[in-house]
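Spelled out from the first residue to the last, the chains are:
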Amino acid sequence: MRTKIKDILLSEKTDYAVNIKGWVRSFRNNQFIALNDGSCMASIQAVIGLDTDEAIVKKITNGACLSIDGVVKASLGKGQKVEVVAEKVTILGECDPEQFPLQLKNRPSLEYLREIAHLRFRTNTFGAVFRVRHTLAYAIHKFFNDRGFVYLHTPIITASDAEGAGEMFRVSTLPADNPPKNEDGSINYTEDFFGRCTNLTVSGQLEAELGAMALSDVYTFGPTFRAENSNTARHLAEFWMIEPEVAFNDIVDNMNLAEDFIKYVIKYAMDNNREDLEFLSQRLAEEEKQKPMNERSEMGLMEKLEFVVNNSFERITYTDAINILLDSPAYKKKKFQYEVKWGIDLQSEHERYLVEKHFKKPVIVTGYPKDIKAFYMRMNDDGKTVAAMDILAPGIGEIVGGSQREERLDMLTRRMEEMHIPTEEMYWYLDTRRFGACPHAGFGLGFERLVLFVSGMTNIRDVIPFPRTPKNAEF
Ligand code: 4AD
Ligand code: MG
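All chains use their own residue numbering, which begins from 1 and follows the written sequence. Just so you know, chain letters begin at A and ligand numbers begin at 1, following the order they were written in. Where local features are concerned, this predicted model is filtered to residues with pLDDT of at least 70; where side-chain atom pairs are given and counted, the filter is 80 or more; whole-chain, interface and lining totals use all residues. As a rule here, side-chain values cover all heavy atoms of the structure and leave hydrogens and water aside.

Caption draft 1: Broad picture of helix 5 (residues 124-146). Here a helix means four or more residues in a row that DSSP labels H or I, a strand means two or more in a row labelled E, and each is numbered from the N terminus. Take the number of residues in a helix, subtract one, and multiply by 1.5 Å to get its expected span. Taking 1.5 Å as the rise per residue, helix 5 with 23 residues should run 33 Å; its terminal C-alpha atoms sit 32 Å apart, in good agreement. Two residues or fewer after helix 5 comes G148, characterised by a positive phi angle close to 75°.

See below:
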């Protein structure tokens with residue numbers, strides 16, 4: 001039976017027989033194999049006898065997959081406490097070093113690795129990133145489960161545009177080259193698979209609200225799709241979002257939940273993926289060294305995570321945020337590319353100024369102007385702002401978007417009409433406000449933005465196995 005390398009390294013027991021399987025990371029002096037099976041960052045050293053069959057030795061190349069039977073022994077060499085003294089080496093999969101893309105480049109760049117995303121799991125960096133991603137996903141379910149939330153699976157194919165931003169991918173089985181037409185020339189969707197125009201979801205929120213009106217505390221965790229043409233290091237066309245929705249919560253409860261949640265999952269990763277995070281911390285430190293002094297961050301990755309877990313997030317209103325920006329040296333020196341005045345949507349340069357320069361910690365901004373936010377957010381008494389809440393994180397910008405929801409039927413329908421959202425089609429959503437409505441609130445956390453923050457990676461394409469971005473759907 002196969003033993004995982006992690007278990008052998010962790011136990012530090014010696015003098016027992018094992019079988020290990022994994023991929024060769026290096027092979028020195030025709031004797032020392034570093035074998036990695038992805039169970040942890042470290043590879044194990046396997047030592048083969050000098051009398052090993054030459055035909056086999058020739059096939060022990062970087063990237064080859066081996067099965068090794070042997071005995072775990074205390075290691076005499078530096079750098080490891082135990083090693084496997086091999087008795088039998090079986091080549092499971094050969095790997096020609098002349099052709100292996102990872103072998104051909106010494107220290108391949110992240111950009112290059114993106115082009116060979118099918119192989120990049122084999123590097124230390126991506127092994128660490130995807131183990132951390134897994135742990136975060138697990139911690140998210142654990143957080144909500146421990147608090148009695150119900151995990152709801154909301155539909156991926158939907159006819160509604162929850163965010164009203166019109167950035168949806170159409171789902172259709174009509175022939176693209178010759179779709180059936182109505183008399184006025186428009187496409188006749190009644191002939192389509194679902195008998196109507198459908199899209200991939202941009203958010204599970206509206207359906208989660210329906211669940212919360214009975215189960216009280218629910219969350220979704222699923223893929224979401226946005227056809228926004230943003231080719232940035234923070235945007236994906238397909239990303240994963242976690243959306244809790246809680247009956248009886250107001251905007252303050254919502255902020256508290258989001259802050260507790262973020263701190264919990266970061267702490268969980270720090271407690272359970274220390275080796276990976278320390279490696280990623282070093283990687284980031286090296287990347288930072290390439291930058292000019294004044295652009296380097298003041299804290300290392302571990303320090304930053306520690307800081308976030310142990311300090312309260314700053315809480316300010318949108319109006320405060322605008323005033324801080326207007327008062328800032330950056331504004332006075334005309335450093336911002338985009339205009340700053342009450343009513344604007346905060347641009348990423350503004351968000352980053354607030355979190356990275358001004359507060360130097362995560363910031364929760366509430367009370368945004370109604371005109372820049374979605375129709376479902378609860379109107380504040382001033383009639384100008386809504387009970388929205390965005391959480392901005394250093395190095396990331398917006399990581400969470402949420403709000404208290406408009407539970408008052410008349411206010412909600414008025415807002416929908418103003419924003420040209422079809423109230424008849426959305427009867428099912430409005431029914432929650434007709435039949436036993438209650439105050440409720442929720443938010444959406446972009447999973448990849450969380451993984452970016454925790455892993456210290458700088459491009460969102462490097463924290464999802466196979467990124468989907470404009471003009472790119474390889475693999
Ligand atoms: O702010 P957004 O658009 O909010 C919603 O979708 C609400 N329905 C959530 C809710 O209240 N239940 O998106 C939420 C988060 C953002 O803060 C961001 O972290 C992430 O989703 N996000 C993206 N992540 C990667 N690529 C994109 N294109 C993203 N768009 C949003
Ligand atoms: Mg948002």
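Caption draft 2: Fine view of the environment of K81. By secondary structure assignment, the location of K81 is in the loop between strand 4 (65-74) and strand 5 (82-93). Distance in space between the C-alpha atoms of K81 and I44 is 9.8 Å, their sequence separation being 37 residues. Whether two residues are in contact is decided by their heavy atoms, any of which lying within 4.5 Å being enough. Ignoring anything within four residues of it in the chain, the contact list for K81 reads E12, K73, A74 and S75.

Caption draft 3: Up close: the side chain of R378. Its place among the elements puts R378 in the loop between strand 13 (363-369) and strand 14 (385-393). Leaving out residues up to four positions away in the same chain, R378 has contacts with T385, V386, A387, Q404, R405, E406, E407 and R408.

Caption draft 4: Local environment of the domain arrangement of the protein chain. For the protein chain, the domain assignment lists domain 1 (5-100) and domain 2 (122-167 + 202-462). Between domain 1 and domain 2, the C-alpha centre-to-centre distance is 44 Å. Each partner contributes to the interface: domain 1 provides nine residues, whereas domain 2 provides eight residues. Interface of domain 1 and domain 2: buried area, both sides summed, is about 720 Å²; carbon and sulfur atoms make up 46% of it. A 1.4 Å probe defines the accessible area here, and the buried area is the portion of it lost by two parts on being joined, summed over both. The largest share of the area that domain 1 buries against domain 2 comes from W23, R25 and M41, three residues that together contribute 70% of it. Should a side-chain nitrogen of Lys or Arg be within 4 Å of a carboxyl oxygen of Asp or Glu, the pair is scored as a salt bridge. The interface formed by domain 1 and domain 2 holds zero salt bridges in total. Polar contacts here mean pairs of N or O atoms no more than 3.5 Å apart (in protein, one a potential hydrogen donor and the other a potential acceptor; neighbouring residues in sequence count only if both atoms are side-chain atoms). On inspection of domain 1 and its partner domain 2, the count reaches four residue pairs in polar contact (both at pLDDT 80 or more). Within the side of domain 1 that touches domain 2, the residues separate by chemical class into five nonpolar, three polar and one charged. Domain start and stop points were drawn from an automatic or database domain assignment. The nonpolar class holds Ala, Val, Leu, Ile, Met, Phe, Trp, Tyr, Cys and Pro. Asp, Glu, Lys and Arg form the charged class, and all remaining residues, Gly among them, are polar.

Caption draft 5: Structural view of the sheet that holds strand 15 (residues 397-404). At least two bridges found by DSSP between two strands are what make those strands a pair. One open sheet accounts for eight strands, arranged 6-10-11-16-15-14-13-12; its pairing is mixed. Across the chains shown, the open sheet's two edge strands, defined by having one partner strand only, are strand 6 (150-151) and strand 12 (314-317). Alignment of strand 13 against strand 14, held across six bridges, turns out to be antiparallel. What sits directly across from P369, in strand 14, is T385. Only C-alpha atoms enter the line fits that serve as axes; for helices the fit covers just the stretch in contact. Angles between N-to-C directions range over 0 to 180 degrees. Helix-sheet contacts for helix 6 (residues 205-215) involve strand 6, strand 10 (217-225), strand 11 (238-247) and strand 16 (440-446), and the interaxial angle to strand 11 is about 30°.

Caption draft 6: Structural detail: the packing of aromatic side chains. The pairing test for Phe, Tyr and Trp rings, Trp by its six-membered ring, is centres within 6.5 Å, and the orientation test on the planes gives stacked under 30 degrees, edge-to-face over 60, and tilted for anything in between. Per the counting criterion, the structure on display carries 23 aromatic pairs. Residues F143 and F261 carry aromatic rings whose centres are separated by 5.2 Å and whose planes lie at 50° to one another, so their mutual orientation is tilted. One end of the pair, F143, is in helix 5; the other, F261, is in helix 7 (residues 251-272), and 118 residues separate them in sequence. A centroid spacing of 5.6 Å and a plane angle of 85° characterise the contact between Y318 and W342, whose relative ring orientation is edge-to-face. Of this pair, Y318 sits in helix 10 (residues 318-327) while W342 sits in the loop between helix 11 (329-332) and helix 12 (348-359), placing them 24 residues apart in sequence. Pairwise contacts between aromatic rings join Y138, F143, F144, F149, Y151, Y219, F261, Y264, Y268 and F443 into one cluster. Seen from the ring of Y264, R147 lies directly overhead, with NZ or CZ sitting 5.6 Å from the centre. Lysine and arginine charges are scored as sitting over a ring when NZ or CZ, respectively, is within 6 Å of the ring centre and within 35 degrees of the ring normal.

Caption draft 7: Summary view of the site of ligand 1. As a structural note, the neighbourhood of ligand 1 is formed by 24 residues, with E163, Q205, R226, E243 and E398 the closest of them. Here a nitrogen atom of ligand 1 and a side-chain polar atom of E228 are 3.0 Å apart. Between E243 and ligand 1, the recorded distance is 2.7 Å, taken from a side-chain N or O atom to a nitrogen atom. Elements with a contribution of two residues or more to the shell around ligand 1: strand 11, strand 15 and strand 16. The greatest single-element share of the shell around ligand 1, amounting to five residues, is contributed by strand 15. What makes a residue near a molecule or strand is one non-hydrogen atom of that residue sitting within 4 Å of it.

Caption draft 8: Region of the structure containing helix 6. Among the residues of helix 6, those classed as buried are Q205, L206, E207, A208, E209, G211 and A212. In the core, the buried residues of helix 6 are packed alongside strand 7 (157-158), strand 10, strand 11, helix 14 (427-434) and strand 16. Each residue is assigned to one of three classes by its accessible area relative to the maximum for its type, calculated with a 1.4 Å probe on protein chains only: buried under 20%, partly exposed between the two thresholds, exposed over 50%.

Caption draft 9: Spotlight on a nonpolar patch on the surface. A cluster of nonpolar side chains, I156, I157, F193 and F194, forms an exposed patch at the surface whose accessible area comes to about 390 Å². With respect to the element layout, F194 can be found in the loop between strand 8 (170-171) and strand 9 (198-200). Look at F194 and you get partly exposed, because its relative accessible area is 41%. Residues qualify for a patch when their relative accessible area is over 30% and they have no salt bridge, like charges being joined within 9 Å and the nonpolar side chains of Val, Leu, Ile, Met, Phe, Trp and Tyr within 5 Å. Accessible surface area values rest on a Shrake-Rupley calculation with a 1.4 Å probe, where residue burial reflects the displayed protein chains alone.

Caption draft 10: Region of the structure containing the side chain of T123. With respect to the helices and strands, the residue T123 is situated in the loop between helix 4 (110-115) and helix 5. The class of T123 is buried, set by a relative accessible area of 14%. Discounting residues that sit within four places of it in the chain, T123 has contacts with R25, L102 and L113.

Caption draft 11: Here's a closer look at the sheet that holds strand 4. One closed barrel accounts for five strands, arranged 1-2-3-5-4; its pairing is mixed. For this sheet, the mean angle separating the axes of adjacent strands, direction not counted, is 55°. As paired elements, strand 1 (residues 16-28) and strand 2 (residues 32-36) share five bridges and run antiparallel to each other. Note that in strand 2 the partner of S26 across the bridge is A34.

Caption draft 12: Representation of the nonpolar core within the structure. For our purposes a nonpolar core is just a set of buried Ala, Val, Leu, Ile, Met, Phe, Trp, Tyr and Cys residues, chained together by side-chain atoms within 4.5 Å. Membership of the largest hydrophobic core comes to 89 residues, with the highest contact counts inside it found for I68, F261 and V454. Each of domain 1 (5-100) and domain 2 (122-167 + 202-462) contributes no fewer than three residues to this core. Sequence-distant contacts of F261, defined by excluding residues within four places in its chain, comprise I140, F143, F144, I242, F443 and L445. Within the second largest apolar cluster, 35 residues are counted, among which are L346, Y376, M379 and I421.

Caption draft 13: Fine view of unusual backbone geometry. A positive phi angle, near 60°, is found at E12, a position not held by glycine. Note on placement: E12 falls in the loop between helix 1 (5-11) and strand 1.

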